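Structural features, examined
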Amino acid sequence: MGRGRFVVLEGIEGAGKSTHSAFLAGWLREKGIAVVAAREPGGTALGERLREILLDPEVTGMPPLAELLLMFAARSASLNEVIRPALEAGSWVICDRFVDSSYAYQSRGRGIPPEYVQALEQQVLDGLRPDLTILLDAPVSVGLSRKDNPQGGDRFERESREFFERVRAGYLDRAAVGGDSYCVVDASRSLEAVQTDLKDAVGELAGL
Ligand code: TMP
């Protein structure tokens, strides 16, 4: 078995990350490639408990720095329990969100200096980097309309349109300086059109 690759899907709410992560994992498995699916925050006992807190709209007044630290606490567990073991065993990892979410949401969205995120990234990731980050990019109006939730949604979904505009811009700026390890896909198109682009990008990495 070849070396496992680490692929991350990023994007604002409603960009289709979960659907497309599942699609990519299924497509790679059809090609005989072992795939482990991960998501953040979550995917471990600790991560899922932290996810409940982080998304709960009844948890009010969470300081942005506390939010950042909890995201990295969940990430640390995911790296130890899911991501590193899978890559070491030669599996691919398809991860629904990773560090770029912290740059986009906690730094650009909430205003935390990017150096704080970078410091945690260095400590917690210890040199591990995704082989490919796919940014599913869509206008905020498109993403939010797909998530339209009469109950008001989770703690993030209740944020303002301006918040998500900053998050989207944060993602696009990361991708612009990220070189070959980033691929920006226009996620406002049909599922089929997006999936064709995903197969091209991931197929190239897999040598398919
Ligand atoms: P989702 O995985 O269902 O999209 O929800 C996770 C939420 O958590 C989403 O609103 C983005 C947010 N988030 C951050 O703010 N920072 C992070 O580092 C991660 C992983 C997620």
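Being a predicted model, the structure only gives us computed values, none of them experimental.

A short note on the site of the ligand
- Surrounding the ligand, one finds 14 residues, the nearest of these being Glu-13, Arg-51, Arg-75, Ser-102 and Gln-106.
- Arg-75 places a side-chain nitrogen or oxygen 2.9 Å from an oxygen atom of the ligand.
- Burial of the ligand by the protein chains amounts to 93% of its free accessible area of 480 Å².
- When atoms are counted within 2 Å of each cavity's grid points, the one that captures over half of the ligand is the largest pocket.
- Mapped onto the shell around the ligand, the elements with two or more residues apiece are helix H2 (45–55), helix H3 (64–88) and helix H4 (99–109).

Here we look at the pattern of salt bridges
- Per the counting criterion, the structure on display carries 14 salt bridges.
- With its nearest N and O atoms 3.3 Å apart, the salt bridge here joins Asp-131 to Arg-3. Here the residue Asp-131 occupies a position in the loop between helix H5 (114–125) and strand E4 (132–137), and Arg-3 occupies one in the segment before strand E1 (6–10), the gap between them amounting to 128 residues.
- The exposure class assigned to Asp-131 is partly exposed, which follows from its relative accessible area of 23%.
- Glu-165 is the partner of Arg-161 in a salt bridge, and the nearest nitrogen-oxygen pair spans 3.6 Å. Of this pair, Arg-161 and Glu-165 both sit in helix H7 (residues 161–177), 4 residues apart, roughly one helical turn.
- Under the relative-accessibility criterion, Arg-161 is labelled partly exposed at 42%.
- For Glu-165, a relative accessible area of 33% puts it in the partly exposed group.

Examining the nonpolar core
- In terms of nonpolar packing, the biggest core is built from 22 residues, with Leu-24, Leu-28, Ile-94, Ile-134, Leu-136 and Val-202 touching the most fellow members.
- Each residue touching Ile-134, except ones within four places of it in the same chain, is listed here: Val-7, Val-8, Leu-9, Glu-10, Leu-24, Cys-183, Val-185, Leu-198 and Val-202.
- Counting 19 residues, the second largest nonpolar core, distinct from the first, contains Ile-83, Ile-112, Val-117 and Leu-125.

Details of H3
- Taking 1.5 Å of rise per residue, the 25 residues of H3 would be expected to cover 36 Å, and the 33 Å separating its terminal C-alpha atoms lies within 8% of that figure.
- Looking one or two residues beyond H3, the residue adopting positive phi is Gly-90, at roughly 90°.

What to know about the pairing of E1
- Along E1, 5 of the 5 residues are buried, which leaves the element largely enclosed by surrounding structure.
- Residues Phe-6, Val-8 and Glu-10 line one face of E1 and the alternating positions Val-7 and Leu-9 line the opposite face, and both faces are buried.
- Examined bridge by bridge, E1 and strand E3 (residues 92–96) share 4 bridges and lie parallel to one another. What sits directly across from Leu-9, in E3, is Asp-96.
- Relative to E4, E1 is paired through 4 bridges, and the arrangement is parallel. Residue pairing across strands places Val-7 opposite Leu-132, the latter belonging to E4.

Quick look at the environment of Leu-135
- As for its position among the elements, Leu-135 is in strand E4.
- Using a relative accessible area of 3% as the deciding quantity, one classes Leu-135 as buried.
- The spatial distance from the C-alpha of Leu-135 to the C-alpha of Cys-183 is 6.1 Å, given a sequence separation of 48 residues.
- For Leu-135, the contacting residues outside a window of four places in its chain are Glu-10, Gly-11, Tyr-171, Leu-172, Ala-175, Cys-183, Val-184 and Val-185.

Considerations on the sheet that holds strand E2 (residues 35–39)
- Spatial strand order, E2-E3-E1-E4-E5: 5 strands in an open sheet with parallel pairing. Two strands bound the open sheet, and with one partner strand each, they are E2 and strand E5 (182–186). Ignoring strand direction, the axes of neighbouring strands in this sheet form an average angle of 20°.
- Lying over the sheet, helix H8 (residues 191–206) contacts E1, E3, E4 and E5, oriented at roughly 170° with respect to E4.

Topic: the pairing of E4
- By the criterion of burial, E4 is predominantly enclosed, with 6 of the 6 residues buried.
- Side chains Leu-132, Ile-134 and Leu-136 project from E4 onto one buried face, and the interleaved Thr-133, Leu-135 and Asp-137 project onto a second face that is buried too.
- Sheet topology note: the E4/E5 ladder contains 5 bridges and is parallel. Within E5, the position partnered with Leu-136 by the bridge is Val-185.

Parameters at a glance
- Residues numbered from 1 in each chain as written.
- Predicted model: local features only at pLDDT ≥ 70, side-chain atom pairs only at ≥ 80, totals over all residues.
- Heavy atoms only, no water.
- Near = heavy atom within 4 Å.
- Polar contact = N/O pair within 3.5 Å; in protein donor to acceptor, adjacent residues only side chain to side chain.
- Areas by Shrake-Rupley, 256 points an atom, 1.4 Å probe, with all protein chains shown as cover.
- 1 Å grid on protein atoms, 1.4 Å probe; cavity = no way out; pocket = protein on both sides within 12 Å on 5 of 7 lines; lining within 4 Å.
- Sits in = over half its atoms within 2 Å of the grid points.
- Helix = DSSP H or I, 4+ residues; strand = E, 2+ residues; numbered from the N terminus.
- Salt bridge = Lys/Arg side-chain N within 4 Å of Asp/Glu carboxyl O.
- Buried < 20%, exposed > 50% of the residue type's maximum accessible area, 1.4 Å probe, protein only.
- Core = buried A, V, L, I, M, F, W, Y, C linked by side-chain atoms within 4.5 Å.
- Contact = heavy atoms within 4.5 Å.
- Expected span 1.5 Å × (residues − 1).
- Pairing = 2+ DSSP bridges.
- Axes fitted to C-alpha atoms, helices over the stretch in contact; angles between N-to-C directions.

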